[in-house]
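Residue-level listing of the chains:
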Amino acid sequence: MSEHKLPMLPPNAELETKTVLKQLARANRALAELKGYADTIPNKHILINAIMINEAKDSSAIENIITTHDDLYKAMSDASGASPAAKEVVSYRTALWQGYELVKSNEMLTTNMIVEIQGIIEKNRAGIRKLPGTVLRNERTGETVYTPPAGETEIRELLSNLEKYINEDYNDIDPLIKLAVIHYQFESIHPFYDGNGRTGRIINVLYLVLMELLDSPILYLSKYIIRNKSAYYSLFQEVRTHANWEEWIVYILTGIEETAEETLRLVKRINAEVETMSTEIKEKLPKIYSKELIDLLFYEFYTKTVYIEKGLSVTRKTAVNYLSSLEKEGFLTSEKIGKERIYQNKRLYDLVKYGQ
Ligand SMILES: Nc1ncnc2c1ncn2[C@@H]1O[C@H](COP(=O)(O)OP(=O)(O)O)[C@@H](O)[C@H]1O
Ligand SMILES: [Mg+2]
């Protein structure tokens, strides 16, 4: 129940407790290792895209928007045959990319950007809630656990306070601790009618990029949240009702540590697969091998004639020849989806699907 107004930031509490600092060191170490390795990889687009699609799927799954990799594959290559859930997941990835580009080019993370991100996820321009009546319920019992602030003016005030907290250096608090505070505050403001959870989890990674703790948007907590879902919900309430920041912050920091380690393993495997496939194509199809071709094959987990044609500046006929040679040698598997023939990079697809 919310008899009290949501307080502005910064929290009036000691956040850097001994327990927090211990976990903070571990999270920072794991994150630095991931950043260090990812920085050395030549084509980051490959990694980002592959990792983002999993995040889009997982973050949506937290909100009961459930889809499969196969369905997603369909939605990406030909939207007409895909389920609504898969289309929503693909929009989530679009929102992630857009958010990333906005933060990179503006070196800020503003309320307007957040509104834009949520608009892409939801495919509408409803913007900030204007009508009262939004409540957060316990999924099982249906009981109201929290009533977020109502009224656009109050919501906007809280968002501008949050925007300041995000973009200004606040009394030397470590950015990873701030990330936990930001996620709590954003979800508690709950500025939108829907999409708050997903938008909030996009803000998390954008904040890491903003703080230069990551260069590429490749660290996501959704998988960890799925594994520890009831704590995710109950710890929001713990902060609210008992000002129990410590447990919430430790929860987020542990998530950062665990997911950074998992992502590092996945990144290494994707990178190794790019190398392996390059070597094999060079050996078996020396006439068509080029670095650009490899990049195109890993750009998504599928490709089409037109991408090869444009990407390599070759004729359509040459592109068709390349693709059929690659298929014959077992590097790609093709299938007709809609009007087009789609070539799947199954090795990449399986890596992404089955994870680390
Ligand atoms: N007690 C709570 N206090 C604050 N935020 C909460 C609480 N319980 C859940 N949340 C947040 O609300 C999100 C769900 O809000 P919603 O607008 O439906 O997002 P989405 O459409 O992305 O599902 C959860 O993912 C979580 O981040
Ligand atoms: Mg929802």
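Just above sits the structure.
Residues numbered from 1 in each chain as written. Chains lettered and ligands numbered in written order. Predicted model: local features only at pLDDT ≥ 70, side-chain atom pairs only at ≥ 80, totals over all residues. Heavy atoms only, no water.

S.K.: For this particular structure, what's the right way to read the overall build of the protein chain?
M.R.: A tally of regular secondary structure across the protein chain gives 15 helices and 5 strands. Projected onto the principal axes, the alpha-carbon positions of the protein chain cover approximately 70 × 40 × 35 Å. Taken across its 356 residues, the protein chain has 53% of its residues classed as buried. Expressed as a percentage of contacts within the protein chain between residues at least 6 apart in sequence, the contacts between residues at least 24 apart total 70%. Looking at the protein chain as shown, the accessible area adds up to about 16600 Å², and 50% of this sits on carbon and sulfur atoms. On the protein chain, the mean spot of the 45 positive side-chain charges and the mean spot of the 50 negative ones are 6 Å from each other. (Helix = DSSP H or I, 4+ residues; strand = E, 2+ residues; numbered from the N terminus. Buried < 20%, exposed > 50% of the residue type's maximum accessible area, 1.4 Å probe, protein only. Contact = heavy atoms within 4.5 Å. Areas by Shrake-Rupley, 256 points an atom, 1.4 Å probe, with all protein chains shown as cover. Lys, Arg positive; Asp, Glu negative; His and termini not counted. Charge placed at Lys NZ, Arg CZ, Asp CG, Glu CD.)

S.K.: Is there a simple way to think about the pairing of strand 5 (residues 340-344) in this case?
M.R.: The side chains of a regular strand alternate, first on one face of the sheet and then on the other. In terms of strand pairing, strand 3 (residues 302-303) meets strand 5 through 2 bridges, oriented antiparallel. Bridge pairing links Y302 to Q344 in strand 5. Sheet topology note: the strand 4 (residues 333-337)/strand 5 ladder contains 5 bridges and is antiparallel. Across the sheet, S334 pairs through a bridge with Y343, a residue of strand 5. Here strand 4 folds back onto strand 5, and the loop between the two strands holds 2 residues, one of which, G338, carries a positive phi near 60°. (Pairing = 2+ DSSP bridges.)

S.K.: Could you clarify how one ought to interpret unusual backbone geometry in this entry?
M.R.: The peptide bond linking L9 to P10 adopts the cis configuration, its omega dihedral lying at 0°. The topology assignment puts P10 in the segment before helix 1 (18-39). Positive phi is not limited to glycine here, since E107 has a value of about 50°. Inspection of the secondary structure assignment puts E107 in the loop between helix 4 (84-106) and helix 5 (111-122). The class for E107 is exposed, based on a relative accessible area of 64%. One non-glycine residue with positive phi stands out, namely K123, at about 50°. Here K123 lies in the loop between helix 5 and strand 1 (136-137). Judged by its relative accessible area of 58%, K123 falls in the exposed class.

S.K.: What is the right way to look at helix 2 (residues 44-62) in this model?
M.R.: Note on helix geometry: an α-helix contains 3.6 residues per turn, so any two residues three or four positions apart are oriented the same way. Relative to the 27 Å expected for 19 residues at 1.5 Å per residue, helix 2 spans 27 Å between its end C-alpha atoms, a close match to the ideal helical length. Residue N43 occupies the N-cap position of helix 2, its side-chain oxygen lying 3.1 Å from the main-chain nitrogen of H45. Looking one or two residues beyond helix 2, the residue adopting positive phi is N64, at roughly 65°. (Expected span 1.5 Å × (residues − 1). Polar contact = N/O pair within 3.5 Å; in protein donor to acceptor, adjacent residues only side chain to side chain.)

S.K.: Quick question: what am I supposed to make of the nonpolar core here?
M.R.: Across soluble globular proteins, you tend to see nonpolar side chains buried next to one another. Among the nonpolar cores identified, the biggest contains 117 residues, and L109, W248, I249, I270 and L326 are the most heavily contacted of them. Sorting elements by how many residues they give to this core places helix 11 (residues 245-284) first, with 15 residues. Aside from chain neighbours lying at most four places away, what touches I270 is I46, L47, A50, L348 and L351. (Core = buried A, V, L, I, M, F, W, Y, C linked by side-chain atoms within 4.5 Å.)

S.K.: Sorry if this is basic, but what is going on with empty space enclosed by the protein here?
M.R.: Over the atoms rolls a probe the size of a water molecule, and its path tells where empty space is left. Counted under the stated rule, the structure contains 3 cavities of 30 Å³ or more. Its volume calculated, the largest cavity comes out at about 170 Å³. Forming the boundary of the largest cavity are 13 residues, of which I51, N54, Y220, K223 and T263 lie nearest the centre. Looking at the lining of the largest cavity, the elements that each hand over two or more residues are helix 2, helix 9 (222-227) and helix 11. Classifying every residue of the lining of the largest cavity by side-chain character gives 4 nonpolar, 5 polar and 4 charged. Of the voids in this model, the second largest cavity is the one considered here, and its volume is about 70 Å³. Taken together, E55, L179, R201, N204, V205, L208, L219, Y220, L221, S222 and I256 make up the full set of residues lining the second largest cavity. Its residues assigned to classes, the lining of the second largest cavity shows 7 nonpolar, 2 polar and 2 charged. (1 Å grid on protein atoms, 1.4 Å probe; cavity = no way out; pocket = protein on both sides within 12 Å on 5 of 7 lines; lining within 4 Å. Points joined across faces, edges and corners; volume = space filled by probe spheres on them. Nonpolar A, V, L, I, M, F, W, Y, C, P; charged D, E, K, R; others polar.)

S.K.: Looking at this structure, I do not really get the layout of surface pockets. What am I missing?
M.R.: Of the pockets and cavities examined, the largest pocket occupies roughly 880 Å³. Mapped onto the lining of the largest pocket, the elements with two or more residues apiece are strand 1, strand 2 (144-146), helix 7 (175-189), helix 8 (196-210) and helix 10 (229-242). The dominant element in the lining of the largest pocket, judged by the number of residues it contributes, is helix 10, at 8 residues. Looking at the lining of the largest pocket residue by residue, the classes come out as 9 nonpolar, 11 polar and 10 charged.

S.K.: Help me understand the site of ligand 1 in this model?
M.R.: Taken together, 16 residues surround ligand 1, and among them E63, D194, G195, N196 and Y232 come closest. One nitrogen or oxygen atom from the side chain of H190 is found 3.4 Å from an oxygen atom belonging to ligand 1. R240 places a side-chain nitrogen or oxygen 3.0 Å from a nitrogen atom of ligand 1. Contact with the protein chains removes 91% of the 570 Å² of surface that ligand 1 exposes when unbound. More than half of the atoms of ligand 1 fall within 2 Å of the grid points belonging to the largest pocket. Residue composition of the shell around ligand 1, grouped by class: 5 nonpolar, 5 polar and 6 charged. (Near = heavy atom within 4 Å. Sits in = over half its atoms within 2 Å of the grid points.)

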